[in-house]
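Structural description and commentary
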Amino acid sequence: MFDSILFVCAGNICRSPTAEYVLKAKLADKQIKVSSAGLTALVGKPADPMAQKIAASHGVVMDEHKGQQLSSQLVGSNSVILVMEQRHLNDLHSRYPEARGKTFLLGKWINNAEIPDPYRQSQEAFEHVYALIDSACSAWQKYL
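Presented here is an overview of the structure given in this document. These figures come from a predicted structure and were not determined experimentally.

Across all of its chains, the model carries four aromatic pairs by this definition. An angle of 50° between the planes, with centres 5.8 Å apart, marks the rings of F104 and W140 as tilted. On the criterion of sequence distance, the pair formed by F104 in strand 4 (residues 103–105) and W140 in helix 5 (residues 123–141) is long-range, its members being 36 residues apart. Overall, the relative accessible area of 4% leaves W140 in the buried class. Counting every residue linked through ring pairs, the aromatic cluster contains F104, W109, W140 and Y143. Above the face of the W109 ring, K108 is positioned so that its terminal group lies 4.7 Å from the ring centre.

Take a look at the structure:
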């Protein structure tokens, strides 16, 4: 089984931290480390206020999140890496070829759905993204 999961998006303030905290809540009874990072991270920044608001409305608290940059150390130390979009997968593989074989779309089990970036969009966009992330994390649970 997997002992660590890393979520990756662009800035590490909307999608990947939401996925991180949603999956942490779903896997609370398992000994799996869950974290997140960004390909172009806003290092040290908290999760987007709207992402936090939507997550909190579902009982998921992301207060402790601080953006971090993806690194070869993070790639090497995680069993599975889940990305939001196909272009993230391509970018990650070109930067870190060693990630091949353990990197997948978060939406793999929901028809390879991509998770769109809600940054600077409406509350409805964030709600839609949260629903996709929640559904995708639920679909991954049976494999973790």
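Additional details are given in the paragraphs that follow.
Moving on, we come to empty space enclosed by the protein. This model, assessed by the stated rule, comprises one cavity of 30 Å³ or more. Taken together, C14, R15, T18, A51, I54, A55, P118, F126, V129, Y130 and I133 form the lining of the largest cavity. Here the element with the most residues in the lining of the largest cavity is helix 5; it accounts for four residues. Taken together, the residues that form the lining of the largest cavity break down as nine nonpolar, one polar and one charged.

As a further point, take the pairing of strand 1 (residues 4–9). In terms of residue burial, strand 1 counts as a mostly covered element, since six of its six residues are buried. Alignment of strand 1 against strand 2 (residues 33–38), held across six bridges, turns out to be parallel. If you follow F7 over to strand 2, its bridge partner there is S36.

Let us look at the packing of helix 1 (residues 15–26) against helix 5. For the pair helix 1 and helix 5, interaxial distance at closest approach is 9 Å and the crossing angle is 45°. Taken together, helix 1 and helix 5 sit at an angle that is classed as oblique. Judged by the twist between their axes, the crossing of helix 1 over helix 5 is right-handed. Across from R15, T18, A19, V22, L23 and K26 in helix 1, the residues of helix 5 making contact are V129, Y130, I133, D134, C137, S138 and Q141. Taken together, the residues that form the contact of helix 1 with helix 5 break down as seven nonpolar, three polar and three charged.

Cut-offs and rules
Going along each chain's sequence as written, the residues are numbered from 1 onward. pLDDT decides what is reported in this predicted model: residues at 70 or higher carry local features, side-chain atom pairs at 80 or more are listed and counted, and totals for whole chains, interfaces and linings draw on all residues regardless. By convention in this description, side-chain values take in all heavy atoms of the structure and omit both hydrogens and water. Centre distance within 6.5 Å is the pairing criterion for rings of Phe, Tyr and Trp, where only the six-membered ring of Trp is used; planes under 30 degrees apart are then read as stacked, over 60 as edge-to-face, and the remainder as tilted. Think of it this way: any DSSP run of H or I at least four residues long counts as a helix, any run of E at least two long counts as a strand, and we number them from the N terminus. Three exposure classes are used, based on accessible area relative to the maximum for each residue type with a 1.4 Å probe and protein chains only: buried under 20%, partly exposed in between, and exposed over 50%. Here, a charge over a ring means that NZ of Lys or CZ of Arg falls within 6 Å of the ring centre while also lying within 35 degrees of the ring normal. Detection works on a 1 Å grid of protein atoms alone, calling trapped sets that fit a 1.4 Å probe cavities and calling open sets with protein on both sides within 12 Å along at least five of seven lines pockets, with lining residues defined by an atom within 4 Å of a point. Grid points are joined across faces, edges and corners, and a volume is the space filled by probe spheres set on the points. All residues other than Ala, Val, Leu, Ile, Met, Phe, Trp, Tyr, Cys, Pro, Asp, Glu, Lys and Arg, Gly among them, are scored as polar; the first ten of these are nonpolar and the last four charged. A strand pair is defined by DSSP finding two or more bridges across the two strands. Axis angles are defined between N-to-C directions and span 0 to 180 degrees, where every axis is a line fitted to C-alpha atoms and, for a helix, only to the segment in contact. An angle below 35 degrees is treated as roughly parallel, one above 145 as roughly antiparallel, one from 65 to 115 as roughly perpendicular, and anything else as oblique. By convention the crossing between two helices is left-handed if the near helix lies anticlockwise of the far one by an angle smaller than a right angle, and right-handed if it lies clockwise. Whether two residues are in contact is decided by their heavy atoms, any of which lying within 4.5 Å being enough.

Honestly, it's all geometry; don't read function into it.
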